[in-house]
Amino acid sequence: MVKRIEDLQDQNRVVMDTDPNAIKAYNEGKYVLVCDGKFIGAFDSEEEAIEHAKGHNKCLLDNKKYQ
C-alpha cells in the first residue's frame, strides 16, 4: 500500500512537469492542481484549487509563489 501511494505521488509530479496545460498554467502564475495522476485544472486562488481537490486520493498543488 505504501508503495502504491509513493508511485501516485511520483506520477502526479510527472504530470505536473510534462502536461502542456499544467506547464502553461504554472508559467501564467496559476495554482495548478494534479490529482491521482491527472491534470485537474488551473485556478486563480489556492482556496479554489483546494475545493477542487476534495474527493481525490492524492493531490499535488503548485504555484510559482511556492518557490
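Analysis parameters
- Residues numbered from 1 in each chain as written.
- Predicted model: local features only at pLDDT ≥ 70, side-chain atom pairs only at ≥ 80, totals over all residues.
- Heavy atoms only, no water.
- Salt bridge = Lys/Arg side-chain N within 4 Å of Asp/Glu carboxyl O.
- Helix = DSSP H or I, 4+ residues; strand = E, 2+ residues; numbered from the N terminus.
- Buried < 20%, exposed > 50% of the residue type's maximum accessible area, 1.4 Å probe, protein only.

A. Molecular detail of the pattern of salt bridges. If you walk through the whole model with that rule in mind, you get five salt bridges. Taking the shortest distance from any N to any O, the salt bridge between Asp62 and Arg13 comes out at 3.8 Å. With Asp62 in strand β3 (residues 59-62) and Arg13 in helix α1 (residues 2-18), this pair connects stretches of sequence that are 49 residues apart. Since its relative accessible area comes to 9%, Asp62 is described here as buried. A single salt-bridge network, built from bridges that share partners, covers Arg13, Asp17 and Asp62.

B. Seen up close, the environment of Pro20. Along the chain, Pro20 turns up in helix α2 (residues 20-27). Residue class for Pro20 comes out exposed when judged on its relative accessible area of 63%. Considering only alpha carbons, one finds Pro20 and Phe39, 19 residues apart in sequence, at a separation of 9.8 Å.

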